[in-house]
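Chains, contacts and geometry: an overview
Take a look at the letters that make up each chain.
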Amino acid sequence: MRPVLLIARNFAREQRWPLFFLLLWVVGWAVVGLIDPERNPDDALMIFRQLAVYSVTFGVFFGSSAVQADQRSRRVLAVLSKGISRAQYILGLLMGIGFVLGIFCLCMGFTATWLLGRFGFQIGTLWFGMLALWTACLLTSSLTLSFSTFLPPLFAAIATGTLAGIPALLAFRGDAISKFLIPVYGLVEPLIAAELVPKWQIRPSLVLIGWVEIILFWMVASWIFSRRDLAVTAE
Amino acid sequence: MVFALEYEGITKEYRSWSGRRRIRALQNFSLTVECGQIFGFLGPNGAGKSTAIHLAMGFMRPSAGNGRMLGMSFGHVRTRRRVGFLAENVALYHRRAGSAIRFYGGLSGLRGGALEKAAHAALEAVDMQAESARNLAQFSRGMVQRMGLAQALVNDPELLILDEPTSALDPAARVAVRELLLRCRNQGKTVFLSSHLLSEVELVCDRVAILNRGEVVRTGTLSDMLETTDRVEIVAQGIPLSSVTEGIMDGSRVRFTVTKGGQRTSIERVWAAGGEIISVSPVRRSLELLFLELTRANSNGENRAPEASET
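Reading guide: rules and limits
Residue indices begin from 1 for each chain and proceed along its sequence in written order. Whichever chain is written first is A, and whichever ligand is written first is 1; the rest continue in order. Where local features are concerned, this predicted model is filtered to residues with pLDDT of at least 70; where side-chain atom pairs are given and counted, the filter is 80 or more; whole-chain, interface and lining totals use all residues. Excluded from the side-chain calculations are hydrogens and water; all other atoms, namely the structure's heavy atoms, are used. Going along the chain from the N terminus, every DSSP run of H or I of four or more residues is numbered as a helix, and every run of E of two or more is numbered as a strand. Burial classes: relative accessible area under 20% of the type maximum marks a residue as buried, over 50% as exposed, and values in between as partly exposed (1.4 Å probe, protein chains only). We call two residues in contact whenever any of their non-hydrogen atoms come within 4.5 Å of each other. Reported accessibility uses the Shrake-Rupley method at a 1.4 Å probe radius. Residues are deemed covered only where the shown protein chains occlude them. The salt bridge definition used is simple: a Lys or Arg side-chain nitrogen within 4 Å of an Asp or Glu carboxyl oxygen. Here, the term nonpolar core denotes a set of buried Ala, Val, Leu, Ile, Met, Phe, Trp, Tyr and Cys residues that are joined through side-chain atoms within 4.5 Å. Only centres within 6.5 Å qualify two rings of Phe, Tyr or Trp (six-membered ring in Trp) as a pair; their planes then separate them into stacked at under 30 degrees, edge-to-face at over 60, and tilted for everything else. Charges are assigned to positions over rings by a cutoff of 6 Å between ring centre and Lys NZ or Arg CZ, combined with an angular limit of 35 degrees from the ring normal.

1. Things to note about the overall build of chain B
Within chain B, the secondary structure is distributed over 10 helices and 14 strands. Here the C-alpha coordinates of chain B stretch approximately 75 × 50 × 35 Å along the principal axes. Residues classed as buried in chain B amount to 49% of the 311 residues present. Pairs at least 24 residues apart make up 69% of the contacts formed inside chain B by residues separated by at least 6 positions. If you sum the accessible surface of chain B, you get close to 14,400 Å²; carbon and sulfur atoms cover 47% of it.

2. Observations regarding the pattern of salt bridges
For the coordinates displayed, the defined rule picks out 17 salt bridges over all chains. As a salt-bridge pair, R13 of chain A and E14 of chain A come within 3.9 Å of each other at their nearest N and O atoms. D206 of chain B is the partner of R185 of chain B in a salt bridge, and the nearest nitrogen-oxygen pair spans 2.5 Å. Here D206 of chain B lies in the loop between α7 (198-204) and β9 (207-212) and R185 of chain B lies in helix α6 (residues 171-186), a separation of 21 residues in the sequence.

3. Regarding the nonpolar core
All names here are of chain A. Core analysis: the largest hydrophobic core is formed by 154 residues, its most contacted members being W29 and F48. If you tally residues by element for this core, the top one is helix α5 (residues 86-116), at 13 residues. Setting aside anything within four residues of it in sequence, one finds W29 in contact with A44, I47, F48, L51, M108, T111, A112, L115 and L116.

4. Side note on unusual backbone geometry
Residues and elements named next belong to chain B. A positive phi angle, close to 50°, is found at L70, a residue other than glycine. Judged by relative accessible area, L70 falls into the buried class, the value being 9%. One non-glycine residue, D127, adopts positive backbone phi at about 60°. Exposure remark for D127: the relative accessible area of 56% places this residue in the exposed category.

5. Structural notes on the packing of aromatic side chains
Per the counting criterion, the structure on display carries 20 aromatic pairs over all chains. Between F147 of chain A and F150 of chain A, the ring centres sit 6.1 Å apart and the planes meet at 55°, which makes this aromatic pair tilted. On the accessibility criterion, F147 of chain A (17% relative accessible area) is buried. Feature note: the residues Y7, F29, F39, F41, F74 and F192 of chain B constitute an aromatic cluster, connected by ring pairs. When the ring centre of F225 of chain A is taken as reference, the NZ or CZ atom of R86 of chain A above it lies at 5.1 Å. Over the face of the ring belonging to F103 of chain B we find R95 of chain B, whose NZ or CZ atom lies 4.7 Å from the ring centre.

So, in structure tokens, the structure goes:
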């Protein structure tokens, strides 16, 4: 397990600058809260909704580029020459992505607690919402990672958008069951439809399904990646 | 007997996305590398050297055939903990040198005091301990290559697989790496060395394999390979230069070459002329010459040179 944690920590370290800029977004949101929030709390809520959508997009971004960046730079050779399997490597990357997006969701949660809590936003539900959001981010990441093992980053991102988007589209048109297929939309929907009046709810079953699918997609990614030749760039 | 590396009839084909275009990198490739020696792996660009190495490391799978590394199938995860690998044009994460080596040591399963000790020893082995606080992003190409060597050494491997380990190094660093490789051999480690620098291979390797167009065209010990079969050099003194054909004066001595068949007659002629034989030795050609002969012959579609002793 230690090599996996080392890869995860290394990934988070490598992504410290993207994470810094993501956190600037949250800081910007907090600044909105400092500038006379009483006048227009809906602005703060709108940014909260936007950030929820963006965080899932960041999940796609990190998932699509993680494996490819290591292969393109040839750094993957030194890592996989050690006594670690491809499945451990993918798990390390996924945990690294989880760590980066976890920090983002955590900061977002704290800011929302401070900024929206004073307008009656239900804090308990908010934090469960943050867990749901983190699950949605990791789910898109693991799905994108599995596509990125055999597709270039852009195509992996498009494939993820398509696969996660179809159930979302069906759910949007009223098909309740499709929410559970790849529940990215199901997990994020309550956050993007959140109101200051606490009337929104997130189904715990969706979070559970999300985690099962994260593990499933990690297994798929590992299976595909371990059967493929490492496509490192020529010297 | 457990070999450090065994390739058995391996063929590797690269296919395009559609599967229509195929490039055969290795063709029925067989090779064995005994433990405890420095094995030179030579070949022109595109001969399939890196493919063979990447197959052994489990980075890719053979299209046909199989192979073993330290007695286990290629790609076996735990076996890789006993192996050190340096890729050609090595790329490492941009961390501080000491931290980077500890990271790669950690991936090899080292931890705690053992990891610290191993990282220190690895940096010392490549003379980089003074740079341990500097970030790899600030390093020159040669320094990164030395760091690559350090990460390959950090787990005290039984087998070192090095793909062009000295290509970016200055002459002093090359000498240091050469000494390091010899030290590794003396410690009982096996070194599988792929290099274009034939003079270096000639200096350190016990055995050599020459690869061309995905096939082994010659393997054997260096002494077997460099010795020609048909000529000897005779050094004599006390005779005039005119008494031999195509001889040269070397101080007071006369140096000339003859075929092995004519060796006895030539020696008797020197004695008959009142001269003295100083030495008789087989003519050795350089590895470079042999390399060019073999790779050109094969590229021109001529008959391949006969294989030297294959173990």
